[in-house]
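Observations on chain architecture
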Amino acid sequence: MFARLDLALILSGGRPAYYGLASELSGFLSSVGRPVPEQTNVADFMLDAVNADFASRDEVDALLEAWSRRQPEV
């Protein structure tokens, strides 16, 4: 189902963790050192990565910070 989306907005604790083309989510994760393992659903991977129940608070905060530091698209 995720692959059929044009855009994706992923929030964590009310903060944006990703907003953009759904097809580019995997590339964003790779660019911040969190590549999606083969045979893994990118949406499930991202949701686990921004959920403190499945990742450490430090890992979640690092991913949120990485998104906030990205260069805006021109």
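In this text the structure is predicted, and so the values were computed from the model without any measurement.

1. Structural notes on the nonpolar core
Nonpolar side chains tend to gather and get buried jointly when the protein is soluble and globular. With 21 residues, the main nonpolar core has Y18, L25, F28, L29 and M46 as its most contacted residues. At the level of secondary structure, the elements contributing two or more residues to this core comprise β1 (7-12), β2 (15-21), α1 (25-31), α2 (42-49) and α3 (57-69). The dominant element in this core, judged by the number of residues it contributes, is α2, at five residues.

2. Structural notes on a nonpolar patch on the surface
There is a patch of nonpolar side chains on the surface, built from L7, L9, L11, Y19 and L21 and spanning about 500 Å² of accessible area. For the nonpolar patch, the secondary-structure elements that each account for two or more residues are β1 and β2. The element that contributes the greatest number of residues to the nonpolar patch is β1, accounting for three residues. With respect to the element layout, Y19 can be found in strand β2. Judged by relative accessible area, Y19 falls into the partly exposed class, the value being 47%.

3. So, the pairing of β2
When β1 meets β2, the two strands line up antiparallel, connected through six bridges. Bridging from a neighbouring strand, L11 pairs with P16 of β2. The turn joining β1 and β2, which pair antiparallel and follow one another in sequence, is formed by two residues; a positive phi near 60° is taken by G13.

4. Notes on α3
Here α3 contains 13 residues, and its C-alpha end-to-end distance of 18 Å stays within 8% of the 18 Å for a straight helix at 1.5 Å per residue. Within α3, the full set of buried residues consists of V60, L63, L64, A66 and W67. One side of α3 carries all its buried residues, which in axial view fall inside an arc of 155°. Structural note: α3 exposes D58 and R69 on the side pointing more than 90 degrees away from its buried face. Summarising the contacts, the buried residues of α3 are in contact with β1, β2, α1 and α2.

5. Concerning unusual backbone geometry
Its identity is not glycine, yet Q39 carries a phi of approximately 65°, on the positive side. Within the secondary structure, Q39 sits in the loop between α1 and α2.

Rules and cut-offs
- Residues numbered from 1 in each chain as written.
- Predicted model: local features only at pLDDT ≥ 70, side-chain atom pairs only at ≥ 80, totals over all residues.
- Heavy atoms only, no water.
- Core = buried A, V, L, I, M, F, W, Y, C linked by side-chain atoms within 4.5 Å.
- Buried < 20%, exposed > 50% of the residue type's maximum accessible area, 1.4 Å probe, protein only.
- Helix = DSSP H or I, 4+ residues; strand = E, 2+ residues; numbered from the N terminus.
- Patch = residues over 30% accessible without salt bridge, like charges linked within 9 Å, V, L, I, M, F, W, Y side chains within 5 Å.
- Areas by Shrake-Rupley, 256 points an atom, 1.4 Å probe, with all protein chains shown as cover.
- Salt bridge = Lys/Arg side-chain N within 4 Å of Asp/Glu carboxyl O.
- Pairing = 2+ DSSP bridges.
- Expected span 1.5 Å × (residues − 1).
- Arc of directions from axis to C-beta.
- Contact = heavy atoms within 4.5 Å.

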